[in-house]
Amino acid sequence: MRDLLLQHAQEAAHQAHPRLDDQSLATMCVAVQMGVLERLTPDEAWSTLASGLMAPYPAHFLEALRACGGLKRFLPEVDALFGVPQLCDGPETIDVGLHQLRVVNETARAEAPLDVRFAALMHKIGMGGTLRDIWPSHYKHEQRAQTLLDGLTLRMHIPADALDLARLVADECDRVHRASDMRAGAITSMLERLDAPARPARFERLLQVCTCDYAAYPGHTPADYPKAPRLRRALAAYRATDVNGLDEDAALTARAQAVARALRSQERLSS
């Protein structure tokens, strides 16, 4: 029963327009009710999720599990997002769960690696615990996401790089989205907080998640996202600045000035 349940979910993730027939869905529902998902070992649980996320249409894997009640058993952190509203740049709110489905499909479109796809799926999970009284705001959802990730590690053997990126994205994605409103000094401090100069590859994966998140909103495309090139330019200026012989404060000032010049140059080219 377990193999059939996972087989149908994985097959859906490889089809652009999947259709679960009544018999297949009934089989999946029975398997869920028998508790087969809860009996997955941590290694099996991660392997199952990784296979679904790396498929061409990872959202369809999650939708198939949700259709049979399995998502609530397998990933309750994600299942809790459906029906939760969130503000966007349009007049209407969006459903966080449906948005996350679009985000993971964006990561597949971008041919992103597994850690990026996992972090993209996880980065809003804290919104599922927001009190209804403050919807569609989600105060401190970042902290709730970290607690939920702690719990998830008890059920899945998540590789260290994927978990590290998921924690980073949960904390920082919203700040990256605000980068256009930040002054050069604040951007420089953010680069240091993120350890971007020493870990540029991880920083790039953070920007990739943020780009996919942006592109998942109605009317957006990855090419329209201005924050990623802005921050890449800032990081390049930071790393190119010679601070030999300067103390910590002077080095920070010199780097912030270099970042400011680089961003002004970019703005002139764009105008």
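Before reading on, note that the structure itself is shown above.
Residues numbered from 1 in each chain as written. Predicted model: local features only at pLDDT ≥ 70, side-chain atom pairs only at ≥ 80, totals over all residues. Heavy atoms only, no water.

### Notes on unusual backbone geometry
Along the chain, Trp135 connects to Pro136 via a cis peptide bond; the corresponding omega equals 0°. Tracing the sequence through the fold places Pro136 in the loop between helix 8 (114–122) and helix 9 (141–155). Within the chain, Asp195 stands out as a residue other than glycine whose phi angle is a positive 60°. Mapping Asp195 onto the fold places it in the loop between helix 11 (184–193) and helix 12 (200–215). (Helix = DSSP H or I, 4+ residues; strand = E, 2+ residues; numbered from the N terminus.)

### Thoughts on the side chain of Gln146
Tracing the backbone through its elements, the reader meets Gln146 in helix 9. Ignoring any residue separated from it by four or fewer positions in sequence, one finds Gln146 in contact with Arg167, Ala170 and Asp171. (Contact = heavy atoms within 4.5 Å.)

### Examining the packing of helix 1 (residues 2–13) against helix 4 (residues 58–67)
Where helix 1 meets helix 4, the axes come as close as 7 Å, and the angle between the chain directions of the two elements is 140°. Taken together, helix 1 and helix 4 sit at an angle that is classed as oblique. As for how helix 1 packs across helix 4, the hand of that crossing is right-handed. Mapping the contact onto sequence places Leu5, Ala9, Gln10, Ala12 and Ala13 in helix 1 and His60, Phe61, Ala64 and Leu65 in helix 4. Taken together, the residues that form the contact of helix 1 with helix 4 break down as seven nonpolar, two polar and no charged. (Axes fitted to C-alpha atoms, helices over the stretch in contact; angles between N-to-C directions. Parallel < 35°, antiparallel > 145°, perpendicular 65-115°, else oblique. Left-handed = near helix turned anticlockwise from the far one by under 90°. Nonpolar A, V, L, I, M, F, W, Y, C, P; charged D, E, K, R; others polar.)

The values are spatial; any link to function lies outside them.
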